[in-house]
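Notes for the structure review
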Amino acid sequence: MEKYDLIVLGGGAAGLTVASGASSLGAKVALVEKNEQPGGDCLHVGCIPSKALIEIANTIYSSKNTEQYGMTSSGEVNMKQINSRVHESIAHIQKHDDADRFRDLGIDVYIGSGAFLSKNEIIIDGKERIFGKRIVIATGTRPLIPPIEGLKESGFLTNEMVFDLEELPNRIVFIGGGPTGVELAQAFSRLGSKVTIIERSSSIFKQEDKEIRENVQIELEKEVSFVFNASVTNVHSSHGEKIVTIQKKDKSTEELTTDEIFLATGRTPNSDKLDLDNAGVKQTDSGHISVNNKLQTNIPSIYAIGDVNGTLPFTHIAGMEGKLIVQNAVLGLRRKVDYTNAPWVIYTNPEVFHLGNTEEELQEKKLKYDVFKVSLANVDRFVADHKTEGLVKILTNKRGYILGAHATGKGAGDFMQEVIFAKQYKKKIGDLSQVIHPYPNHAAAVQSTADLYWRKKLFEGSLPKVIKKYIKWFR
Ligand SMILES: Cc1cc2nc3c(=O)[nH]c(=O)nc-3n(C[C@H](O)[C@H](O)[C@H](O)COP(=O)(O)OP(=O)(O)OC[C@H]3O[C@@H](n4cnc5c(N)ncnc54)[C@H](O)[C@@H]3O)c2cc1C
Ligand SMILES: NC(=O)c1ccc[n+]([C@@H]2O[C@H](COP(=O)([O-])OP(=O)(O)OC[C@H]3O[C@@H](n4cnc5c(N)ncnc54)[C@H](O)[C@@H]3O)[C@@H](O)[C@H]2O)c1
């Protein structure tokens, strides 16, 4: 049996980071990936294809709405061509994640499904056994399919199928108003489908700051229909159409007729086929693999990173956790994971940026805070672009240190980057005000928000009186 310093189960963002990092340090590494090619969900059915589709949809949407710029236009949408362009982006990035590229790095890549035989042994496709001193579980998640009557029989789409569609559906019902559902729902609406989102709670993006979430929802409602506080109880098909029955909070029911159903009701971890009991690894009720702050499971030589541990399901977090594992599992350090400065972005139009605590979380924690807010309607570049929808909101403690930063607006995922730097390196909000921003860029929205901090300092409290006295004296 082949023996390794480290076995990595799963070749997504998390697993690939560990495998390449560990191998470059000289560890003998095996990477087990069940799909033909590594890359995981992000590359094949997640971030990359969704962002490629969103970009195409935005371009088509803009070109359909050129009347406001003084030009009329018309055209047909070719879904096959659109998805072929999406696959071009995947193929381009696949080169970096190619199995042979990892073999060239000295890693033994096994294509097959891995499961535990014991805490140190993995069996691949029930045949080949390998031994690992340490093992990293990075097997990710898959779409959660709720037990809705008639759903399977009627057929539905998930993120695993949608990037192979050959025709644009006239109507789509999205079940679930989380990031997956809403990003793709808006993209399909922009391509020309009539889109309805059914969300069982009272709003989209529940993890976001309320003010930001409400702001973005107003914008989305201009393009997409929402039904809140509603669950789908039944689906059936008739004459080539799908009929979705929804039940509202007041128990009333309604039927929606559609051409396609897109399921975006959340994710379930790929832990059920790993035979974790053979290794004694514990899971949570949802099937996620629980870890301590060094990302170890209850078996110290087995780690769980990326979406499968259920902490923060984002590619950049999977990568960050992967780097930490290289230090802990290969170099024997005892580094602790820290999510305090973990940002994320929802790529709707306008985008949603999230960093640190929301205002509601600070209130819940009963912390004292200041809030600085600027509407994009007061930032010259957004005015010039006619893209004034949105705002920047920075929350600080009383000494000016950043506790949270949230934004919605065109390009918020990019123009807020400097706030992540400031928070991570413990700069105060006032420092952001001192950074020179080329006029008229979009990031000036951050500077304008930070300027409010100085305005508050200069015009509130006892400082204005002192300054007045000083100026009198100086004259
Ligand atoms: C539609 C969509 C859009 C998204 N957009 C973004 C975004 O814009 N930004 C962002 O940060 N995140 C985004 N995400 C989330 C992101 O895709 C995940 O956080 C990321 O893929 C997690 O990486 P991972 O390595 O943990 O898991 P995965 O990428 O799921 O990789 C797990 C790998 O393990 C393999 N595997 C599973 N079981 C086994 C087994 N038994 N043996 C061997 N191999 C196995 C799988 O085949 C897979 O390759 C999006 C997700 C979706 C669904
Ligand atoms: N831009 C990004 O970074 C990005 C994009 C997509 C996904 N993701 C990540 O993937 C994770 C999963 O996102 P997601 O949107 O797939 O799942 P999610 O769990 O975030 O959202 C699922 C939504 O579906 C609703 N829901 C569940 N069952 C329902 C039902 N039966 N009827 C109606 N509504 C129902 C839930 O209330 C929830 O709002 C997220 O946590 C996110 O971090 C990130």
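Residues numbered from 1 in each chain as written. Chains lettered and ligands numbered in written order. Predicted model: local features only at pLDDT ≥ 70, side-chain atom pairs only at ≥ 80, totals over all residues. Heavy atoms only, no water.

If you check an unreviewed UniProt entry, the chain appears there as Pyridine nucleotide-disulfide oxidoreductase from Salipaludibacillus neizhouensis. Under Sequence similarities (unreviewed entry), UniProt gives the following word-for-word description of the chain: "Belongs to the class-I pyridine nucleotide-disulfide oxidoreductase family." (UniProt positions renumbered as here; feature names shortened; annotations may be inferred.)

A few words now on the domain arrangement of the chain. Domains assigned within the chain are domain 1 (2–39 + 97–143 + 268–331), domain 2 (171–266) and domain 3 (350–462). Computed from C-alpha coordinates alone, the two centres of domain 2 and domain 3 are separated by 31 Å. Taken together, the contacts link 10 residues of domain 2 with 15 residues of domain 3. When domain 2 packs against domain 3, close to 1,100 Å² is buried across both sides, 58% of that on carbon and sulfur atoms. Of all residues in domain 2, the largest losses of buried area upon contact with domain 3 belong to Asp209, Glu211 and Ile212, amounting jointly to 47% of the total for that side. Connecting domain 2 to domain 3 are three salt bridges. The closest approach of N and O atoms between Lys393 and Glu211, which form a salt bridge, is 2.7 Å. The residue makeup of the side of domain 2 that touches domain 3, split by class, is three nonpolar, two polar and five charged. (Domains from an automatic or database assignment. Contact = heavy atoms within 4.5 Å. Buried area = accessible area lost by both parts, 1.4 Å probe. Salt bridge = Lys/Arg side-chain N within 4 Å of Asp/Glu carboxyl O. Nonpolar A, V, L, I, M, F, W, Y, C, P; charged D, E, K, R; others polar.)

Here, the residues flagged by UniProt with the feature "domain: Pyridine nucleotide-disulphide oxidoreductase dimerisation" (unreviewed entry) are residues 343–447. The span residues 343–447 carries 32% helix and 29% strand; its end-to-end C-alpha distance comes to 19 Å. (Helix = DSSP H or I, 4+ residues; strand = E, 2+ residues; numbered from the N terminus.)

Another point: the packing of aromatic side chains. Inspection of every chain in the model, using the stated rule, returns 10 aromatic pairs. Residues Phe372 and Tyr453 carry aromatic rings whose centres are separated by 5.9 Å and whose planes lie at 75° to one another, so their mutual orientation is edge-to-face. Taken together, the residues Phe372 in strand β19 (residues 370–375) and Tyr453 in helix α15 (residues 444–459) connect sequence positions 81 residues apart. The exposure class assigned to Phe372 is buried, which follows from its relative accessible area of 3%. For Tyr453, a relative accessible area of 7% corresponds to the buried category. Seen from their ring centres, Phe382 and Phe415 are 5.5 Å apart, and the 70° between their planes marks the pair as edge-to-face. Taken together, the positions of Phe382 in helix α11 (residues 380–385) and Phe415 in helix α12 (residues 412–415) put the pair 33 residues apart, joining distant regions of the chain. (Phe/Tyr/Trp six-rings, centres within 6.5 Å; stacked < 30°, edge-to-face > 60°. Buried < 20%, exposed > 50% of the residue type's maximum accessible area, 1.4 Å probe, protein only.)

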